[in-house]
Amino acid sequence: FIRGNFFIPDARRGWNRYAFSAARKLIREAGIDLVVTTGPPHSTHLIGLELQAEMKVKWIADLRDPWTEVYYNYDMPRTTLAARYDRLLECRVLKRADALMTASPGFAARFNERVQRKYDVVTNGFDHVLEPKKKPAGSPLHITYTGTMAESYKPEALFAALAGLREHDFRLRVAGSLSEGVRAMIEKAGLKDRLDYLGYLPHSAVADELRTADVLLLLSPDVKHGEDIIPGKLFEYLAASRPILSVSDPDSPGADILRETSSGKAFRHADEKGMTEFLRLHLSERMILNSNSKTQKYSRKELSKQVSHLFDNTCGR
């Protein structure tokens, strides 16, 4: 209750006055003419709002997640007054920023419902293509997941599909974190003996897991507006050039990227049959996909060009 009603828009706001003071000094000393604020925490954008007004700099607000419509806000006991004030701050930033960036077409559409104007979509991306790494002869197939998985990801149908693949010698390899509830689901599905739970790994070790995978699993939480989220690890998966099975809305922006790049397919959380067919096909063929121009557009090198053009346009260059 305290977090939702007294720390608006978020609990990081106490940092703003120190950041504003430091930024003002840098702008004067270096002759800076463009400021970019990125959030969450979206309280950071209030710094941009002040700098634009006082220092007369151009300002781009980069919103990587929703603001008032972010899924965890619906779980907080907010008063009407607090929710209204949060929307006021959000709309003030959306109206006054010289340009706006966001990470998903879905986020852009929802922000546009608040304030109608142009939103530049710059997704997350990957650094470079990962070269496939062969496993020793006779090794089991690797079905790999990286990141966190909790009950809100609704993985029951996926586990049922995996449990039905008795004809394949595979390991379910998880680098990251599984909640106790998800571990119980894995045991109930009869997959405990198939699980390689690796815990958290250094990024280089995660990259090695992606390079040796036969199929990559991508799960999105089943939450309000969850279809708008494009998981950042989707792009690391693209770099690995392995088939991706996504458990998410087939009409989501992330599913669109899978279709555009021919990298995999999205299935609804309960679509056990579809997931089973996908797994049987790709585990039998052991496919390694070819990186293509449609994949390369999500490299950070190409995405940086979009950001550079936005900077120039905002400054009138």
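That block above? That's the structure.
In every chain, residue numbers begin from 1 and rise along the written sequence. The predicted origin of the model limits local features to residues at a pLDDT of at least 70 and limits the giving and counting of side-chain atom pairs to 80 or more, whereas totals for whole chains, interfaces and linings rest on all residues. As a rule here, side-chain values cover all heavy atoms of the structure and leave hydrogens and water aside.

Enquirer: What should I look at first to understand the packing of helix α2 (residues 16-30) against helix α3 (residues 44-55) in this one?
Expert: Packed helix pairs are specified by the crossing angle of their axes together with the interaxial distance, meaning the distance between the axes. Contact geometry for α2 and α3: axes closest at 10 Å, N-to-C directions at 40°. By the angle between their directions, the pair α2 and α3 is classed as oblique. As for the relative orientation of α2 and α3, their crossing is right-handed in sense. Contact with α2, carried on its side by Asn16, Ala19, Phe20, Ala23, Arg24, Ile27 and Arg28, involves Thr44, Leu46, Ile47, Glu50, Leu51, Glu54 and Met55 of α3 and no other residues of that element. Axis definition: a line fitted to C-alpha atoms, over the contacting stretch in the case of helices. Angles run 0 to 180 degrees between N-to-C directions. Numbering goes from the N terminus for both helices and strands, where a helix is a DSSP run of H or I of at least four residues and a strand is a run of E of at least two. Just so you know how the angles are binned, under 35 degrees is roughly parallel, over 145 roughly antiparallel, 65 to 115 roughly perpendicular, and the rest oblique. Rotating anticlockwise by less than a right angle from the far helix to the near helix defines a left-handed crossing, while the corresponding clockwise rotation defines a right-handed one. Contacts: residue pairs with any heavy atoms within 4.5 Å of one another.

Enquirer: Could you clarify how one ought to interpret a nonpolar patch on the surface in this entry?
Expert: Patches in this entry comprise residues that are over 30% relatively accessible and not in a salt bridge; like charges within 9 Å are linked, as are nonpolar side chains (Val, Leu, Ile, Met, Phe, Trp, Tyr) within 5 Å. The accessible surface values rely on the Shrake-Rupley method and a 1.4 Å probe; as for residues, cover is taken only from the protein chains in view. What counts as a salt bridge is simple: a side-chain nitrogen of Lys or Arg found within 4 Å of a carboxyl oxygen of Asp or Glu. A surface patch of nonpolar side chains, about 470 Å² in accessible area, is lined by Phe1, Ile2, Phe6 and Phe7. Positionally, Phe6 belongs in helix α1 (residues 2-6).

Enquirer: I tried to follow the sheet that holds strand β6 (residues 170-178) on my own but got confused; where do I start?
Expert: Backbone hydrogen bonds are what pair the strands of a sheet, in a parallel or an antiparallel way. We treat two strands as partners when DSSP finds at least two bridges between them. Pairing is parallel in the open sheet, where 6 strands are placed in the order β7-β6-β5-β8-β9-β10. Sheet topology places β7 (195-199) and β10 (264-267) at the edges, where each strand pairs with a single neighbour. Averaged over all pairs of adjacent strands, the angle between strand axes in this sheet comes to 20°, irrespective of strand direction. Of the pairings in the sheet, the one linking β6 to β7 comprises 4 bridges and is parallel in character. If you follow Val174 over to β7, its bridge partner there is Tyr197.

Enquirer: Just checking my understanding: could you explain the layout of surface pockets for this structure?
Expert: The probe, sized like a water molecule, is rolled over the atoms to show the empty space still left. Looking at the largest pocket, its volume works out to about 500 Å³. Considering the residues around the largest pocket, the lining is formed by 27 residues, among which Tyr71, Tyr153, Pro221, Ile229 and Pro231 are closest to the centre. At the level of secondary structure, the elements contributing two or more residues to the lining of the largest pocket comprise α5 (105-114) and β5 (141-149). Here the lining of the largest pocket takes 4 residues from β5, the largest share from any one element. Under this grouping Gly is polar, as are all residues other than the nonpolar Ala, Val, Leu, Ile, Met, Phe, Trp, Tyr, Cys and Pro and the charged Asp, Glu, Lys and Arg. Residues that form the lining of the largest pocket fall into these classes: 14 nonpolar, 7 polar and 6 charged. A cavity here means a set of 1 Å grid points, computed over protein atoms only, where a 1.4 Å probe fits but cannot escape. A pocket is an open set with protein on both sides within 12 Å along at least 5 of 7 lines, and lining residues have an atom within 4 Å of a point. Grid points are joined across faces, edges and corners, and a volume is the space filled by probe spheres set on the points.

Enquirer: Would you take a moment to explain the packing of helix α6 (residues 156-163) against helix α11 (residues 272-285) for this structure?
Expert: Two elements in contact, α6 and α11, have axes whose closest approach is 8 Å; the angle formed by their N-to-C orientations is 45°. As summarised for this structure, α6 and α11 are arranged oblique, according to the angle between their axes. As for the relative orientation of α6 and α11, their crossing is right-handed in sense. Along the contact surface, α6 presents Ala157, Leu158, Ala160, Ala161 and Leu162, while α11 presents Glu272, Met275, Thr276 and Leu279. Grouping the constituent residues of the contact of α6 with α11 by class yields 7 nonpolar, 1 polar and 1 charged.

Enquirer: Can you walk me through the packing of aromatic side chains in this structure?
Expert: Centre distance and the angle of the planes are the two values used to describe a pair of aromatic rings. For Phe, Tyr and Trp, rings pair up if their centres lie within 6.5 Å, where Trp contributes its six-membered ring, and each pair is then called stacked (planes under 30 degrees apart), edge-to-face (over 60) or tilted (otherwise). Enumeration according to the criterion identifies 4 aromatic pairs in this entry. A centroid spacing of 5.7 Å and a plane angle of 40° characterise the contact between Phe235 and Tyr298, whose relative ring orientation is tilted. Pair noted here: Phe235 is in helix α9 (residues 233-240) and Tyr298 is in the loop between α12 (293-296) and α13 (300-314), with a separation of 63 residues, a long-range link. For the pair Phe235 and Tyr298, one class covers both residues: buried. With a centroid separation of 5.8 Å and an interplanar angle of 70°, the aromatic rings of Phe267 and Phe278 are classed as edge-to-face. Of the two residues, Phe267 sits in strand β10 while Phe278 sits in helix α11, which places them 11 residues apart along the sequence. Comparing Phe267 with Phe278, the two get one shared label, buried. Throughout this description, the term charge over a ring refers to an Arg CZ or Lys NZ atom that lies within 6 Å of the ring centre and within 35 degrees of the ring normal. Sitting over the ring of Phe170, Arg194 keeps its end group 4.2 Å from the ring centre. A simple rule labels every residue: compare its accessible area, found with a 1.4 Å probe on the protein chains alone, to the largest value its type can have, and call it buried under 20%, exposed over 50%, or partly exposed in between.

Enquirer: Even after reading the chapter, I still don't get the side chain of Arg173, so can you show me in this structure?
Expert: With respect to the element layout, Arg173 can be found in strand β6. By relative accessible area, which is 15% here, Arg173 ends up buried. Non-local contacts of Arg173, meaning those with residues more than four positions away in its chain, are made with His142, Ile143, Thr144, Tyr145, Asp196, Leu198 and Glu209.

Enquirer: Would you mind going over α9 with me for this structure?
Expert: One turn of the α-helix equals 3.6 residues, which is why residues spaced by three or four share an orientation. Taking burial as the measure, the 8 residues of α9 include 7 buried ones, the bulk of the element. What α9 keeps buried is the set Lys233, Leu234, Phe235, Tyr237, Leu238, Ala239 and Ala240. Where α9 terminates, the next one or two residues include Ser241, which has phi positive at roughly 55°.

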